[in-house]
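# Structural features, examined
Each chain is listed here by its residues.
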Amino acid sequence: MNLYDDAVLVLKGYEDQEELRQSYLDHLGAHPDGMWKACEDGHITASALVVDPEHGRVLLTLHRKLRMWLQMGGHCEPEDFSVAAAALREATEESGISGLSLLPGGPVRLDRHPIPAPCHWHFDVQYAVVAPAGATQEISDESLDLRWFAYDEVADVADESVLRLLAATRARL
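Residues numbered from 1 in each chain as written. Predicted model: local features only at pLDDT ≥ 70, side-chain atom pairs only at ≥ 80, totals over all residues. Heavy atoms only, no water.

## Side note on the nonpolar core
- Formed by 32 residues in total, the largest nonpolar core has its most connected members in M35, I44, V50 and V83.
- Elements with a contribution of two residues or more to this core: α1 (3-13), α2 (18-30), β1 (43-52), α3 (83-95), β7 (121-130) and β8 (143-150).
- Here this core takes 5 residues from α3, the largest share from any one element.
- With 17 residues, the next largest nonpolar core counts L49, L60, F149 and L165 among its residues. (Core = buried A, V, L, I, M, F, W, Y, C linked by side-chain atoms within 4.5 Å. Buried < 20%, exposed > 50% of the residue type's maximum accessible area, 1.4 Å probe, protein only. Helix = DSSP H or I, 4+ residues; strand = E, 2+ residues; numbered from the N terminus.)

## Digging into α1
- Turning to α1, its buried residues are L3, D6, A7, V8 and L11.
- Check the buried side of α1 and you find it contacts α2, α3 and β6 (109-114).
- Sitting at the amino-terminal end of α1 is N2, which places a side-chain oxygen 3.2 Å from the backbone nitrogen of Y4. (Contact = heavy atoms within 4.5 Å. Polar contact = N/O pair within 3.5 Å; in protein donor to acceptor, adjacent residues only side chain to side chain.)

## Considering the layout of surface pockets
- Estimates place the volume of the largest pocket at around 970 Å³.
- Of all the secondary structure elements, the ones that give two or more residues to the lining of the largest pocket are β1, β2 (57-63), β4 (72-75), α3, β6 and β7. (1 Å grid on protein atoms, 1.4 Å probe; cavity = no way out; pocket = protein on both sides within 12 Å on 5 of 7 lines; lining within 4 Å. Points joined across faces, edges and corners; volume = space filled by probe spheres on them.)

## Re the pairing of β2
- Along β2, 5 of the 7 residues are buried, which leaves the element largely enclosed by surrounding structure.
- Strand direction decides the pairing type here: β1 and β2, joined by 3 bridges, are antiparallel. Bridge pairing links V50 to L59 in β2.
- Between β1 and the antiparallel strand that follows it, β2, lie 4 residues; G56 among them carries a positive phi value of about 60°.
- Where β2 lies against β8, 7 bridges are found, and the strand directions are antiparallel. From the neighbouring strand, H63 faces β8, where its bridge partner is S143.
- Between the end of β2 and the start of strand β3 (residues 69-70), which pair antiparallel, lie 5 residues, with R67 showing a positive phi angle near 55°. (Pairing = 2+ DSSP bridges.)

## Thoughts on the environment of L103
- Position of L103 relative to the elements: it lies in the loop between β5 (101-102) and β6.
- Judged by relative accessible area, L103 falls into the buried class, the value being 10%.
- Taking the C-alpha atoms as reference points, L103 and K12, 91 residues apart in sequence, are found 19 Å from one another.
- In this view, L103 contacts A128, V129, V130, T169, R172 and L173; residues no more than four positions away in its chain are not counted.

## Some thoughts on the environment of A128
- Structurally, A128 can be placed in strand β7.
- Note on A128: relative accessible area 0%, which makes it buried.
- Each C-alpha atom of the pair A128 and V154 lies 15 Å from the other, and the pair is 26 residues apart in sequence.
- Those residues in contact with A128, other than ones at most four positions away along the chain, are L49, S101, L102, L103, V108 and T169.

Below is the structure:
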């Protein structure tokens, strides 16, 4: 199975956000290259919220280009065998934490958002990953900062998309 087929399978199995889920499937149906950054009409991205449920906190990155506190994530790469693997890879690369584990149950949310030209949309498939006990983060080149925030502090620093992802993640926990 290739990454495109995995994305279709994951989206068909995702049971929430029906209208948005269908728009992802329609986009992939119309764009065989819809997994890749080169697809200017939009492409699938994979992200993951890093959580430490034991301490009631999440790790957010101050995105270098956007200058916003966000979950870890980004573009799918040819070596990714699944959307979940892409999300885990991105979370590991951007957090510097090894030993992250995907929260069971597949994607936590979907979030489609506009991005600057030449591309138009990110069709983000959002997961959650659990940090191992004693995890230590390390800032990557894509971040200006990494910081742990208590669940109730996230609203003070992040936008609505991150708050929705946090709420969905906490409901799954």
